[in-house]
Amino acid sequence: MIKTDYWNIKPHTERKLLILQKYLHAWSDIMLSWYKKKGWESWKTPYYIDCFSGRGMYHKGDKLDSVKGSPLIAMDILLEKKKMYEEKYNIKINPRFRFIEYKAKWANELKKFVEPYNEKLDIKVYPSDFNDVIADIINETGFSPTFFFVDAGGIKELRKESIEKIVTKPGARDILLNYVVDGQKRIGGLAQSIFDGSYKGKQIEGAFKTIERLEDFTGMSIYQFLEETNNDIREALLSYVQNVLHANNNVKRVEDRLHTVVYDMKDLKRQKLIYYLLFSSRKTVATEIMKSIFKESKKNEVSQLSMFESDVWEIKH
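Residues numbered from 1 in each chain as written. Predicted model: local features only at pLDDT ≥ 70, side-chain atom pairs only at ≥ 80, totals over all residues. Heavy atoms only, no water.

Peer 1: Would you mind going over empty space enclosed by the protein with me for this structure?
Peer 2: The method is simple in principle: a probe with the dimensions of a water molecule rolls over the atoms, and the space it marks as empty is what remains. All told, the structure shown has 1 cavity of 30 Å³ or more when counted by the stated rule. Looking at the largest cavity, its volume works out to about 40 Å³. Contributing to the lining of the largest cavity are A152, G154, I155, L158, N178, Y179, V180 and F217. The leading source of residues in the lining of the largest cavity is strand β7 (residues 173–180), at 3 residues. Looking at the lining of the largest cavity, its residues break down into 6 nonpolar, 2 polar and no charged. (1 Å grid on protein atoms, 1.4 Å probe; cavity = no way out; pocket = protein on both sides within 12 Å on 5 of 7 lines; lining within 4 Å. Points joined across faces, edges and corners; volume = space filled by probe spheres on them. Helix = DSSP H or I, 4+ residues; strand = E, 2+ residues; numbered from the N terminus. Nonpolar A, V, L, I, M, F, W, Y, C, P; charged D, E, K, R; others polar.)

Peer 1: Would you explain the confidence of the model for the protein in this entry?
Peer 2: As a general rule, the predicted coordinates of low-pLDDT regions are not to be interpreted in detail. Summarising the model, the protein shows a mean pLDDT of 86, and 89% of its residues fall at 70 or more. Note on residues 303–310: pLDDT is under 50 here. Beyond four places in sequence and across chains, it has 19 contacts. (pLDDT = per-residue confidence, 0-100. Contact = heavy atoms within 4.5 Å.)

Peer 1: I would appreciate a short explanation of the packing of aromatic side chains in the present structure.
Peer 2: Centre distance and the angle of the planes are the two values used to describe a pair of aromatic rings. This model, assessed by the stated rule, comprises 18 aromatic pairs. Arranged with centres 5.9 Å apart and planes meeting at 5°, the rings of Y48 and F147 form a pair that is stacked. You can see Y48 sitting in strand β1 (residues 47–50) and its partner F147 sitting in strand β6 (residues 146–150), a full 99 residues away along the chain. On the accessibility criterion, F147 (0% relative accessible area) is buried. Geometrically, the ring pair formed by F52 and F130 is tilted, given 5.0 Å between the ring centres and 45° between the ring planes. Here F130 lies in helix α4 (residues 130–141) and F52 lies in the loop between β1 and β2 (57–60), a separation of 78 residues in the sequence. Each member of the pair, F52 as well as F130, is classed as buried. (Phe/Tyr/Trp six-rings, centres within 6.5 Å; stacked < 30°, edge-to-face > 60°. Buried < 20%, exposed > 50% of the residue type's maximum accessible area, 1.4 Å probe, protein only.)

Peer 1: What is the right way to read the layout of surface pockets from this model?
Peer 2: Roughly 1,200 Å³ of volume is contained in the largest pocket. When residues of the lining of the largest pocket are traced back to their parent elements, those giving at least two are α1 (11–38), β2, β7, α6 (182–195), α7 (204–218), β8 (259–267) and β9 (272–281). The element that contributes the greatest number of residues to the lining of the largest pocket is α1, accounting for 6 residues. Residue classes in the lining of the largest pocket are distributed as 20 nonpolar, 13 polar and 16 charged. Of the voids in this model, the second largest pocket is the one considered here, and its volume is about 430 Å³. Taken together, 22 residues make up the lining of the second largest pocket; nearest its centre are W34, W43, A172, R282 and K283. When contributions to the lining of the second largest pocket are tallied by element, the ones reaching two or more residues are α1, β7 and α10 (284–300). Per-element accounting of the lining of the second largest pocket gives the leading share, 5 residues, to α1. In the lining of the second largest pocket, the residues fall into 12 nonpolar, 3 polar and 7 charged.

See the structure below:
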């Protein structure tokens, strides 16, 4: 068995990819039915943006490259829908895929895995930092419906201003975001140790840079973060959604503002919260579909320990 490889898939990652797969089927059907009904030109070029796409394939046990990652899952689904619409309705759509992966080795491997799709789909792989290229990609999407999969490994990879660019994109946009909790606990504890004088480290400048990352991620000063959340991850999550993910002060039209539903992803063996999946959309039909997918996933989990009264919940404005 492959034990040391980062790309040996974990059970919670399989659950996450299944959630993504089920929603993309629904998203494609809704999006294409609206294009069929309204004929809006921009809707014939839907976008799937994978902001931290990785290499595109996972290993499972001793089987190398045996499980498709999010880029290939998305291409398979939209290629299937594209073919169906051409054959059934004589309607041609041109879904576009933009994959961002900052590690050159993984980006090159991803290019190899997407190569069979290149003749059938519009694909670009960006071997770049997400924060450096997301604004240009959003500008390219225009008013086309866009799905953003934001699966960052940690808070240092995810700047507040980058997420706000996604949130305030014109038109239809759905966001599935991985909200990692360990970094906040660790950095919050680091900041508290500096303030109360118990910090024993020697790299104080590096420590302050780390704290700055948390401030940027949450959109709060470290004092406000510690005071308001008291290291309570639920409160930190609520603050993040309100301060960053909804960004309602920057979305002027009420009907364009996002609503968010939350799924707590756990390591079931250790009964430990790993991260939250946050799904945001401006349409109630979309959040209701994702809530049902989240609840179905919860039913398939065994021996879980929930942080809250409800495992799947919605954050109101």
